[in-house]
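Listed here are the chains, written in short residue letters.
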Amino acid sequence: MAGTVMRRLQLIRANGPTMPIPSVYEASLCLIAQGSKRVSLAGRSVTYDPYSYLLVSLDLPLVGHILEASPDAPYLCAKIDIDHGALAELIMAEGTAAPRADLPALAVYPSDPDLVDAACRLVALLDQPASIPVLAPLVEREILYRLLTGPHGPSLRQMAVVDSRISQVGRAIAKIRGEFSEQLRVDEIAAAAGMSASSLHEHFKSVTRMTPLEYQKQLRLQEARRLMLAQGMSAGNAGFAVGYDSPSQFSREYHRLFGAPPRRDIERLQASPAYAGPL
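Residues numbered from 1 in each chain as written. Predicted model: local features only at pLDDT ≥ 70, side-chain atom pairs only at ≥ 80, totals over all residues. Heavy atoms only, no water.

A. Looking closely at the nonpolar core. Residues Leu 54, Tyr 75 and Leu 106 are the most contacted members of the largest nonpolar core, which totals 37 residues. The dominant element in this core, judged by the number of residues it contributes, is helix α5 (residues 165-178), at five residues. Among all residues touching Tyr 75, those that are not within four sequence positions of it are Ile 12, Arg 13, Ala 14, Ile 32, Gln 34, Gly 35, Ser 36, Lys 37, Tyr 48, Ile 66, Glu 68 and Ala 69. Counting 29 residues, the second largest nonpolar core, distinct from the first, contains Leu 9, Tyr 53, Ala 86 and Leu 156. (Core = buried A, V, L, I, M, F, W, Y, C linked by side-chain atoms within 4.5 Å. Buried < 20%, exposed > 50% of the residue type's maximum accessible area, 1.4 Å probe, protein only. Helix = DSSP H or I, 4+ residues; strand = E, 2+ residues; numbered from the N terminus. Contact = heavy atoms within 4.5 Å.)

What follows is the structure in C-alpha cells.
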C-alpha cells in the first residue's frame, strides 16, 4: 500500500496473489481497477473486483487475500478513507432523518459508474498537485454523497447519529484502538460508548462478529506481528510491548490467530514471495 499526498487516498498494487494478511481497515471505500481480492471478518468472507466495491463502515480487523494478479495484469486498488466530519456535515446539510439500519459493517456492492468516475477524478488529481487543495475536498464530498445515495446509505447515515448503535460501537472501537495495549475493562469501554456493558457486548458482536476483548486481542497480535516483522523485535519484547505479561499466553494466542508460533510465522513471511504487507 502506498500513501499519497492526499491523506485519505492510498493506492495498492501487487504483481501476484498474496497469502491472507490480517490488518485493521479504517472505515473506507475500496475500488479495484484490476484483479480481485477476498476479505474476511471472523469467518465471514466477501470478494470484490472491478465490477463491485468494498465498503467498510467501521474500523475492523480484517484478513485480506489478493486472488488475481500477475506482472502483466497487476492488482490495482484505490482505498479512500471516510471523513467522518465531512460525512456528518453532508448529512446535516441534506436535512434527511437517518433511517434505522441493520446493514453489515463490511459489505460488497455492485459497481456504480458515478462513484467510479468520482474516484478516478480523485486519483487523477495526483497529476495536478496544485489543484489538490481546492478540488480534492470537493471530489471527496461527491464520493460521500454517492455512497449516501447508494445501497449502504442508511448505515452511513447512522454513523452520524450520536446515539445510534453503529455510532456507539464506533466510539467503543476508538477507545479500544487508542488504548489496546492497556488492561481495559468492559465497563470502561461501555462508558466510552455510552452503553451498558450488556448492550455493548450484544451490539459490538452483532457489528464486528467479535466481543470487545476479542477485538482488542486481534489489535494486539497484529501490532506485535508488525513490530517483529518491521523492526526485528523479539517475540518476548513484542508481546510485552502490546500488553502481554505472559510470553506463553502471547505465543499461544499468536499461534491461534496466525497459524504458527511467532518466530516461525515471521520466518515464513520473510521467506514468502506471496507476502506483500498489510493490504
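B. Representation of the environment of Ala 14 within the structure. Here Ala 14 shows up in strand β2 (residues 9-14). Taking the C-alpha atoms as reference, Ala 14 lies 6.6 Å from Ala 69; in sequence the two are 55 residues apart. With sequence-adjacent residues up to four places away left out, Ala 14 is seen in contact with Ile 66, Ala 69, Pro 74 and Tyr 75.

C. Quick peek at the UniProt feature "domain: HTH araC/xylS-type" (unreviewed entry) in the protein chain. Mapped onto this numbering, the UniProt entry annotates "domain: HTH araC/xylS-type" (unreviewed entry) at residues 170-268. Helix makes up 76% of residues 170-268 and strand 0%. Its end C-alpha atoms lie 34 Å apart. (UniProt positions renumbered as here; feature names shortened; annotations may be inferred.)

D. Representation of the packing of α5 against helix α7 (residues 197-208) within the structure. Where α5 meets α7, the axes come as close as 10 Å, and the angle between the chain directions of the two elements is 90°. Considered as vectors, α5 and α7 are oriented roughly perpendicular to each other. Every residue of α7 that contacts α5 at Arg 165, Val 169, Ala 172, Ile 173 and Ile 176 is listed here: Ser 199, Leu 200, His 203, Phe 204, Val 207 and Thr 208. (Axes fitted to C-alpha atoms, helices over the stretch in contact; angles between N-to-C directions. Parallel < 35°, antiparallel > 145°, perpendicular 65-115°, else oblique.)

E. A look at a nonpolar patch on the surface. Taken together, the side chains of Val 134, Leu 135 and Leu 138 present a nonpolar region at the surface, about 280 Å² in accessible area. Counting through the fold element by element, Leu 135 comes out in helix α3 (residues 132-148). (Patch = residues over 30% accessible without salt bridge, like charges linked within 9 Å, V, L, I, M, F, W, Y side chains within 5 Å. Areas by Shrake-Rupley, 256 points an atom, 1.4 Å probe, with all protein chains shown as cover. Salt bridge = Lys/Arg side-chain N within 4 Å of Asp/Glu carboxyl O.)

F. Expanded view of the environment of Glu 188. Relative to the elements of secondary structure, Glu 188 occurs in helix α6 (residues 186-193). Taking the C-alpha atoms as reference points, Glu 188 and Lys 175, separated by 13 residues in sequence, lie 8.8 Å from one another. Beyond its immediate sequence surroundings of up to four residues, Glu 188 is in contact with Lys 175 and Gln 183.

G. Region of interest: the sheet that holds strand β3 (residues 21-25). Spatially, the four strands line up as an open sheet ordered β3-β8-β5-β6, and their pairing is antiparallel. Where the open sheet ends on each side, the last strands, each with one partner, are β3 and β6 (44-48). Neighbour to neighbour, the strand axes of the sheet diverge by 35° on average, direction disregarded. In terms of strand pairing, β3 meets strand β8 (residues 60-68) through five bridges, oriented antiparallel. Looking across to β8, one finds that Pro 22 is bridged to Val 63. (Pairing = 2+ DSSP bridges.)

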